[in-house]
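Breakdown of the fold
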Amino acid sequence: MNQTDPTPTALESRTALHDRLHSPSAARNRDVIANVLSRVLPDQAEVLEIGSGTGEHAVAACHLRPDITWQPSDPDREARASQAAWASEASGAIRAPLEIDLLRPETVEVIDGFDALVCMNVIHIAPWAVAEALVSLAARKLRPGGVVVLYGPYKLGKATAPSNLQFDASLKSRNPAWGVRDLEAVIALFAGQGLVLDARVEMPANNLSLVFVPSSSRPGSTR
Ligand SMILES: C[S@@+](CC[C@H](N)C(=O)[O-])C[C@H]1O[C@@H](n2cnc3c(N)ncnc32)[C@H](O)[C@@H]1O
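Right, let's walk through the structure included here. (Residues numbered from 1 in each chain as written. Predicted model: local features only at pLDDT ≥ 70, side-chain atom pairs only at ≥ 80, totals over all residues. Heavy atoms only, no water.)

A look at unusual backbone geometry
The backbone phi angle of Ser-91 is positive, close to 50 degrees, even though this residue is not glycine. Note on placement: Ser-91 falls in the loop between α3 (77-86) and α4 (105-108). (Helix = DSSP H or I, 4+ residues; strand = E, 2+ residues; numbered from the N terminus.)

This is the structure:
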């Protein structure tokens, strides 16, 4: 858990074998997410993941893309122990987890540059300030040619899936600062820091993968 919000952010019952936590939702979606990541991550990318949870997504991605290195992170000690335990499945591609809490600047300022920033299922289970800090981090430390990949549910105006509206209500009942984020608001937040939506991929269960890139790297950009 982060220090500013004591509400648990794993919304499911996880099982554990030694330090390795197992997330039922990650088991369902890690292959489709890894498939998207394998297509959009730059060659030999150094990837920073925020809010890595159990660490299972990192393993799936590194299996599909043996050229990348993956830096997991989480504010939660138990999650970091799980990430370290799962890392042995990836032949050295996954680094020792970092304690990064986007609401604690001292844990963010020490981060080096990266070629990809990945954040899955975090910004709706955290205050909006976490999304703001994520985008600020990307704007400051994403290397040229880099990408930001978000995964999760979004509100799409009248086209919002009923299941996501129910999820939104349930999140807000747990913590009024949480909630399924409005896609347009997320895109505007990134755009305000010079990052534009490059791809939107429909995922199972009414989730989206969103890929953002610096506007300067888009064809036709004069920046
Ligand atoms: C629902 S879990 C998602 C875990 C994993 N990304 C996945 O998709 O399976 C949300 C994660 O976000 C992390 N988190 C919550 N607040 C955070 C913050 N302020 N900064 C960074 N990570 C945070 C939690 O510790 C938790 O591991």
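What about the packing of helix α1 (residues 24-40) against helix α2 (residues 56-64)?
Contact geometry of α1 with α2 gives a least axis separation of 8 Å together with a crossing angle of 40 degrees. The orientation of α1 with respect to α2, classified from their angle, is oblique. Between α1 and α2 the crossing geometry is right-handed. Here Ala-26, Asn-29, Arg-30, Ile-33, Ala-34, Asn-35, Leu-37 and Ser-38 of α1 come into contact with α2, specifically with Glu-56, His-57, Ala-60, Ala-61 and Leu-64. Tallied by class, the residues present in the contact of α1 with α2 amount to seven nonpolar, four polar and two charged. (Axes fitted to C-alpha atoms, helices over the stretch in contact; angles between N-to-C directions. Parallel < 35°, antiparallel > 145°, perpendicular 65-115°, else oblique. Left-handed = near helix turned anticlockwise from the far one by under 90°. Contact = heavy atoms within 4.5 Å. Nonpolar A, V, L, I, M, F, W, Y, C, P; charged D, E, K, R; others polar.)

Side note on the site of the ligand
Lining the immediate surroundings of the ligand are 18 residues, of which Gly-51, Asp-74, Asp-101, Leu-102 and Met-120 lie closest. One of the backbone nitrogen or oxygen atoms of Gly-51 is found 2.7 Å away from a nitrogen atom of the ligand. Interatomic distance of 3.0 Å between a backbone N/O atom of Leu-102 and a nitrogen atom of the ligand. In the complex, 95% of the free accessible area of the ligand, which totals 590 Å², lies under the protein chains. Among the residues making up the shell around the ligand, the classes are represented as nine nonpolar, seven polar and two charged. (Near = heavy atom within 4 Å. Polar contact = N/O pair within 3.5 Å; in protein donor to acceptor, adjacent residues only side chain to side chain. Areas by Shrake-Rupley, 256 points an atom, 1.4 Å probe, with all protein chains shown as cover.)

Let's talk about helix α5 (residues 128-141)
With 14 residues, α5 extends 20 Å between its outermost C-alpha atoms, agreeing within 8% with the 20 Å of an ideal straight helix rising 1.5 Å per residue. In this structure, the buried side of α5 is in contact with β3 (46-50), α4, β5 (114-120), β6 (142-155), α7 (183-191) and β8 (195-203). (Expected span 1.5 Å × (residues − 1).)

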